[in-house]
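# Structural features, examined
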Amino acid sequence: MNRLLFVDTSPQNLAAYSMLFVNNANEWECRFVDSIKTAFDELSYSNFDMVVTDIKMPVLNGVPLLETIAQMYPDIIRVVLIPSLSADYPKHFVKYAHRMLVRPDSYEKLEVSVSRIFHLYKAIMRPQAIRFIDGLETVPSLPKVYGELVAELESPQPSVKKAGALVAADIGMSASILKMVNSAYFGLSEKVTSPEFAVSLLGLDIVQGLVLTAHLFSAFSSAETKLLQLETVVDHCLITGFLAKEIAKHENLPTPVVDALHISGILHDVGQLIFASHSPKLYRQVIDIATKENRPLFEIEQELFGATHSEIGAYLLGQWGLPESVIEFIAYHHTDETPDYINLELSILKAADFYSKKVLPKTEVNAADTSEKIFEKSEFLNSKKEEWGTVCVSAIQKSTMKI
Ligand SMILES: [Fe+2]
Ligand SMILES: [Fe+2]
């Protein structure tokens, strides 16, 4: 039985929450409380697996609820509901929440999200990974421009011009984005010189993914970038996103899923950037061992850091409140087990990851991370190997990539 505690000051929300999970009463046992004091009473009586709280809960003795739960009950999964990514909520919450969840527009969707978050954390996000991020003195925060772009995207009439202006206002960010957009991997036939043009060509949501990559990438000095060959990681991510999008279109998936796969491809290895920015020397060892022994990076990361880049990347993006599906694709991209409901999408990401390694010049960084073994481990993926390989080759030939 999984035990879940909902904390919310709104009687209307609590009444609606109490209707959730009723159909799965043998899997879930839920408690609903409207004050921090009652929450702590509940926590002291019995064990909980997960706490879901509204962002607007008042503080107790000046200390936010989640901070105290994090200290007293560190193993409880902590989820905070926020109104939107563009909302002005206290950013220190991020440090104490495992997951920021944008409040869905229906209680049914909330049930699905809460249940998926629970299973993801139980299956994939091991305590070592969470401790690694929690132990970082400076965890990068969600870039301000990202929230502004989300607000623009959610506005009744999103404007490409306004979105471009938001990116352009951050000079360092727009320079990095233009560099990425103009790299061979986007296959654009014309040189892009303004953020407005980049947004109009690629779409607002893809630019959002690039904003996050550029933000994480900006943590590095040029010496570190060279030492760790980080530009290769970014190139690999861009091409993985491109190929994931092409395979998803070939499979006639709906546009939101195609976009989610495109963004997931762009972000799937950000955990490597986080490891590398935190411990460049140790990460250099990971790369060296992986190259020498021809083993996947995630195996060596596990041995040296106690966590893998898929866990670390998914965990950070979850703290930033990115969509559920993107976080799941990233979390599971090197695991053998796949939840049925994302089998097709995850197979696409894994195949795109594999084929992007095939087309990139062979370098030590990307030599061993994704091997042919992924096809041996999944009958479905194996049945698509040739078909999707052809899709990737033809997408690259049709594009203007000079690889
Ligand atoms: Fe990876
Ligand atoms: Fe990868």
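About the cut-offs
Residues numbered from 1 in each chain as written. Chains lettered and ligands numbered in written order. Predicted model: local features only at pLDDT ≥ 70, side-chain atom pairs only at ≥ 80, totals over all residues. Helix = DSSP H or I, 4+ residues; strand = E, 2+ residues; numbered from the N terminus. Rg over C-alpha atoms; globule rule 2.2 N^0.38 Å. Contact = placed C-beta atoms within 7 Å. Axes fitted to C-alpha atoms, helices over the stretch in contact; angles between N-to-C directions. Parallel < 35°, antiparallel > 145°, perpendicular 65-115°, else oblique. Left-handed = near helix turned anticlockwise from the far one by under 90°. Nonpolar A, V, L, I, M, F, W, Y, C, P; charged D, E, K, R; others polar. Domains from an automatic or database assignment. Pairing = 2+ DSSP bridges. Core = buried A, V, L, I, M, F, W, Y, C linked by C-beta atoms within 7 Å. Buried ≥ 20, exposed ≤ 12 C-beta atoms within 10 Å, placed from the backbone. Expected span 1.5 Å × (residues − 1). Right-handed = clockwise from strand over helix to strand, strands pointing away. Arc of directions from axis to C-beta.

Scanning the chain from terminus to terminus reveals 22 helices and five strands. Its C-alpha atoms give the chain a radius of gyration of 21 Å, near enough to 22 Å, the size a compact globule of 403 residues would have. With the principal axes as the frame, the chain shows a C-alpha extent of 60 × 45 × 45 Å. For the chain, contacts bridging at least 24 residues in sequence account for 69% of all contacts bridging at least 6.

With that settled, consider the packing of helix 18 (residues 309-319) against helix 19 (residues 324-331). Where helix 18 contacts helix 19, the axes come no closer than 8 Å and their chain directions differ by 165°. Here helix 18 is positioned roughly antiparallel relative to helix 19, judged by the angle of their axes. The way helix 18 lies across helix 19 gives a crossing that is left-handed. Residues Ser310, Glu311, Gly313, Ala314, Leu317 and Gly318 of helix 18 form the contact with helix 19, whose participating residues are Val326, Ile327, Ile330 and Ala331. Split into classes, the residues belonging to the contact of helix 18 with helix 19 amount to six nonpolar, three polar and one charged.

The subject of this paragraph is the domain arrangement of the chain. By the assigned domains, the chain splits into domain 1 (2-123) and domain 2 (219-398). A C-alpha centroid distance of 31 Å is found between domain 1 and domain 2. Taken together, the contact pairs 12 residues of domain 1 with seven residues of domain 2. Secondary-structure elements contributing two or more residues to the side of domain 1 that touches domain 2 are strand 5 (99-102) and helix 5 (107-123). Among the elements that take part in the side of domain 1 that touches domain 2, strand 5 stands out by supplying four residues, more than any other.

This part covers unusual backbone geometry. For Asn252, which is not glycine, the phi torsion reads 60° and is therefore positive. Turning to its location among the elements, Asn252 is positioned in the loop between helix 13 (230-250) and helix 14 (255-267). The residue Asn294 is not glycine, and still its phi comes out positive at about 50°. Note on placement: Asn294 falls in the loop between helix 16 (280-293) and helix 17 (297-305).

Pairing in this open sheet of five strands is parallel, and the strands run 2-1-3-4-5 from one edge to the other. The sheet is open, and its two edges are formed by strand 2 (28-33) and strand 5, each paired on a single side. The average angle at which neighbouring strand axes cross in this sheet is 20°, direction not considered. Relative to strand 4 (residues 77-82), strand 3 (residues 50-54) is paired through five bridges, and the arrangement is parallel. What sits directly across from Met50, in strand 4, is Ile77.

In terms of nonpolar packing, the biggest core is built from 117 residues, with Val79, Ile177, Val207 and Val211 touching the most fellow members. The greatest single-element share of this core, amounting to 11 residues, is contributed by helix 13. Looking at this core, you find at least three residues from each of domain 1 (2-123) and domain 2 (219-398). Contacts of Val211, omitting those with residues within four sequence positions, involve Pro143, Val145, Tyr146, Leu149, Val167, Met173 and Ile177.

Relative to the 30 Å expected for 21 residues at 1.5 Å per residue, helix 13 spans 30 Å between its end C-alpha atoms, a close match to the ideal helical length. Downstream of helix 13 by a residue or two, Asn252 has a phi angle that is positive, lying close to 60°.

This paragraph deals with the pairing of strand 2. The pairing of strand 1 (residues 2-7) with strand 2 spans six bridges and is classified as parallel. By the bridge assignment, Phe6 is partnered in strand 2 with Phe32. Taking the sense of rotation as the criterion, the β-α-β connection linking strand 1, helix 1 (residues 11-19) and strand 2 turns out right-handed.

In this fold, Ile312 is placed in helix 18. Residue class for Ile312 comes out buried when judged on the 27 C-beta atoms lying within 10 Å of it. Linking Ile312 and Asp269, residues 43 residues apart in sequence, is a C-alpha distance of 9.4 Å. Those residues in contact with Ile312, other than ones at most four positions away along the chain, are Ala129, Phe132, Ile133, Gly271, Ile274, Phe275 and Ala307.

A word on helix 17. Considered for burial, the residues of helix 17 that qualify are Leu297, Phe298, Ile300, Glu301 and Phe305. End-on, the buried residues of helix 17 take up no more than an arc of 160°, which puts them together on one face. Close packing links the buried residues of helix 17 with helix 6 (127-135), helix 15 (270-278), helix 16 and helix 18. Residue Gly306 follows helix 17 closely and has a positive phi angle near 80°.

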